[in-house]
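# Structural characterization, general
These are the residues of each chain, in order.
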Amino acid sequence: VVRGQVLALPDPEDPEGTFSVRHEAIDDFRGVGGEIWGMDSMAMPFPLADGVSLEGIEVGDKIRFTLEVDHYRDVPMRVTAVEELPADAELDFRPARPPPAAEG
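Summarised in this report is the structure supplied together with it.

Rules behind the numbers
- Residues numbered from 1 in each chain as written.
- Predicted model: local features only at pLDDT ≥ 70, side-chain atom pairs only at ≥ 80, totals over all residues.
- Heavy atoms only, no water.
- 1 Å grid on protein atoms, 1.4 Å probe; cavity = no way out; pocket = protein on both sides within 12 Å on 5 of 7 lines; lining within 4 Å.
- Points joined across faces, edges and corners; volume = space filled by probe spheres on them.
- Nonpolar A, V, L, I, M, F, W, Y, C, P; charged D, E, K, R; others polar.
- Salt bridge = Lys/Arg side-chain N within 4 Å of Asp/Glu carboxyl O.
- Buried < 20%, exposed > 50% of the residue type's maximum accessible area, 1.4 Å probe, protein only.
- Core = buried A, V, L, I, M, F, W, Y, C linked by side-chain atoms within 4.5 Å.
- Helix = DSSP H or I, 4+ residues; strand = E, 2+ residues; numbered from the N terminus.
- Contact = heavy atoms within 4.5 Å.

In this structure, the largest pocket spans a volume of roughly 260 Å³. What lines the largest pocket is a set of 13 residues, among which Ile26, Asp28, Phe29, Leu67 and Val69 lie closest to the centre. Considered class by class, the residues forming the lining of the largest pocket number seven nonpolar, one polar and five charged.

Structure representation (structure tokens):
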């Protein structure tokens, strides 16, 4: 689950339209091999899973969204749920702080 601010919404007339979000850092983002890389805060486009509604969401809205990652799919990331946050929610656009690697 990630929080961010909507930068662009797909045009309903264009099935290839872009859903873009400036998201907060994802400290526990994992690479293909399962190692924790972290992902800095950034603006990026995200594909939407089938059935995800953006009804009521507008450019500039602050949101919480579920990001599903499967590095072995043709499209490795997709948004599976979107929820609007209160307008006064404070977002923290910072670099990622991955947890230290487990010692073993």
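Now that the structure has been shown, the text picks up again.
Side chains carrying opposite charge are able to pair once their charged atoms draw close together. Tallying each qualifying case throughout the model produces six salt bridges. With its nearest N and O atoms 2.8 Å apart, the salt bridge here joins glutamate 68 to arginine 73. For glutamate 68, a relative accessible area of 29% gives the class partly exposed. A relative accessible area of 26% places arginine 73 in the partly exposed class. Through salt bridges with shared partners, a single ionic network connects Asp27, Asp92 and Arg94.

Counting residues in each nonpolar core, the largest one holds 19 residues, and the members touching the most others are Phe19, Phe46, Ile63, Phe65, Leu67, Val79 and Val82. At the level of secondary structure, the elements contributing two or more residues to this core comprise β1 (2-8), β2 (19-23), β3 (42-46), β4 (62-69) and β5 (77-84). In this structure, valine 82 is in contact with Phe19, Val52, Ser53, Leu54, Ile57, Ile63, Arg64 and Phe65, ignoring residues within four places of it in sequence.

Structural measurements only, silent on function.
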